[in-house]
Amino acid sequence: MKNLILTLALVVCAATFAQEPSKNQRKRSVVYDFKSKAVSDTDTIPGFQTQKEKLKITGIIYESDGKTPAKNVILYIYQADEEGEYHAQKVDGKRVLRHEGWARTDENGRYTFYTFVPGTYWSGKSMKQIHGMIQEPSTDKTYSINQFVFDNDPMLSKSCRKKIAKYGLNNILKLERDDHGMLIGTRDIVLSDEIHHL
């Protein structure tokens, strides 16, 4: 039983790291679907108004030097609802998720999403997480980034925290409440640091 728990913990932790896109993902990535929308540095995820744990995620995306703000970078995120459901459907032959959004960094590299804390699937045995993808403007390079996870999530194990620290990642959101009761989480992203494989 102890080995089973350890295996599950490692699988759950591995899921928080970016995965290399498959051949099919490279052909048509959902990150490009923003082209039919007006994209600014701020987006509101559908369902934001009706969910209980409203959340604002903000931060700065930096170039690979870790100092220069990266402007015009597209950050695409998607997530489950508070019950852990992704609500995928096909629209015009494309897979569309109900809770997804796009932000284009401003001249200071800043992005903001208004969303909510997602639920979990696997009967609550997995971490709460928000998935993300980046499209860099100069190279048109698109890739997944390490998932946004939550510091107060009981499924974020000590061993997973150690792995995240080992790679020097900052994808753990430490949430605080503002005066209106909204949760606030900050995550800065350095473009070259975002792909890690376990």
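Caption draft 1: Geometry of the overall build of the protein. On a plain count of helices and strands, the protein comes out with three helices and 13 strands. By residue count, 44% of the 198 residues in the protein fall in the buried class. Partitioning the contacts of the protein with sequence separation of at least 6, the portion at a separation of at least 24 is 72%. Just so you have it, the protein exposes about 11000 Å², and 50% of that area is on carbon and sulfur atoms.

Caption draft 2: Geometry of the nonpolar core. Ranked by internal contacts, the top residues of the largest apolar core, which has 23 residues, are Ile 61, Leu 75, Tyr 111, Ile 134 and Phe 148. When residues of this core are traced back to their parent elements, those giving at least two are β2 (54-62), β3 (74-78), β7 (110-116), β8 (129-135) and β9 (142-150). Looking at this core, the element that brings in the most residues is β9, giving four residues.

Caption draft 3: Molecular detail of the environment of Ile 145. Tracing the backbone through its elements, the reader meets Ile 145 in strand β9. Residues Ile 145 and Met 133, spaced 12 residues apart in sequence, show a C-alpha to C-alpha distance of 5.5 Å.

Caption draft 4: The packing of aromatic side chains, seen in detail. Evaluation of the coordinates by the stated rule reveals five aromatic pairs. Pairing Tyr 76 with Trp 102 gives two aromatic rings, centres 5.0 Å apart and planes at 40°, and the pair type is tilted. With Tyr 76 in strand β3 and Trp 102 in strand β6 (residues 100-104), this residue pair connects regions lying 26 residues apart in the sequence. The same class applies to Tyr 76 as to Trp 102, namely buried. Through pairs of rings, three or more aromatic residues link up here, namely Tyr 76, Tyr 78, Tyr 86 and Trp 102. Between the NZ or CZ atom of Lys 54 and the centre of the ring of Phe 48, over which it lies, the distance is 5.9 Å. For Arg 187, the ring lying beneath its charged end belongs to Phe 148, and the centroid distance is 4.4 Å.

Caption draft 5: A look at the sheet that holds β3. Across the sheet, five strands lie side by side as β6-β3-β8-β9-β10; this open sheet has mixed pairing. Since the sheet does not close on itself, it has two edges, and those belong to β6 and β10 (172-173), each with one partner. Sheet topology note: the β9/β10 ladder contains two bridges and is parallel. What sits directly across from Val 149, in β10, is Ile 172.

Caption draft 6: Inspection of the pattern of salt bridges at higher detail. Going through the model one piece at a time under the given rule, you end up with two salt bridges. Across the salt bridge formed by Arg 177 and Glu 53, the nearest N and O atoms sit 2.9 Å from each other. Note that Arg 177 is positioned in strand β11 (residues 176-177) and Glu 53 in the loop between β1 (42-44) and β2, a separation of 124 residues in sequence. On the accessibility criterion, Glu 53 (30% relative accessible area) is partly exposed.

Caption draft 7: Spatial organisation of the side chain of Gln 79. Among the secondary structure elements, Gln 79 is positioned in the loop between β3 and β4 (88-91). A polar contact of 2.9 Å, which involves the side chain of Gln 79, links it to the backbone oxygen of Phe 116.

Caption draft 8: The arrangement of unusual backbone geometry in detail. Look at Asn 72: it is not a glycine, yet its phi comes out positive at around 65°. Tracing the backbone shows Asn 72 in the loop between β2 and β3. Asn 72 gets classed as partly exposed once you look at its relative accessible area, which sits at 37%. Of note, His 87 is a non-glycine position whose phi angle comes to about 55°, a positive value. Checked against the element boundaries, His 87 lands in the loop between β3 and β4.

Caption draft 9: Region of the structure containing the pairing of β7. By the criterion of burial, β7 is predominantly enclosed, with five of the seven residues buried. As paired strands, β1 and β7 are joined by three bridges and run parallel to one another. Looking at the pairing, Thr 42 lines up with Thr 112 of β7. Of the strand pairs in this sheet, β2 and β7 are connected by seven bridges, and their pairing is antiparallel. Counted as the bridge partner of Lys 56 is Tyr 114 from β7.

Criteria and cut-off values
Residues numbered from 1 in each chain as written. Predicted model: local features only at pLDDT ≥ 70, side-chain atom pairs only at ≥ 80, totals over all residues. Heavy atoms only, no water. Helix = DSSP H or I, 4+ residues; strand = E, 2+ residues; numbered from the N terminus. Buried < 20%, exposed > 50% of the residue type's maximum accessible area, 1.4 Å probe, protein only. Contact = heavy atoms within 4.5 Å. Areas by Shrake-Rupley, 256 points an atom, 1.4 Å probe, with all protein chains shown as cover. Core = buried A, V, L, I, M, F, W, Y, C linked by side-chain atoms within 4.5 Å. Phe/Tyr/Trp six-rings, centres within 6.5 Å; stacked < 30°, edge-to-face > 60°. Lys NZ or Arg CZ within 6 Å of the ring centre and 35° of its normal. Pairing = 2+ DSSP bridges. Salt bridge = Lys/Arg side-chain N within 4 Å of Asp/Glu carboxyl O. Polar contact = N/O pair within 3.5 Å; in protein donor to acceptor, adjacent residues only side chain to side chain.

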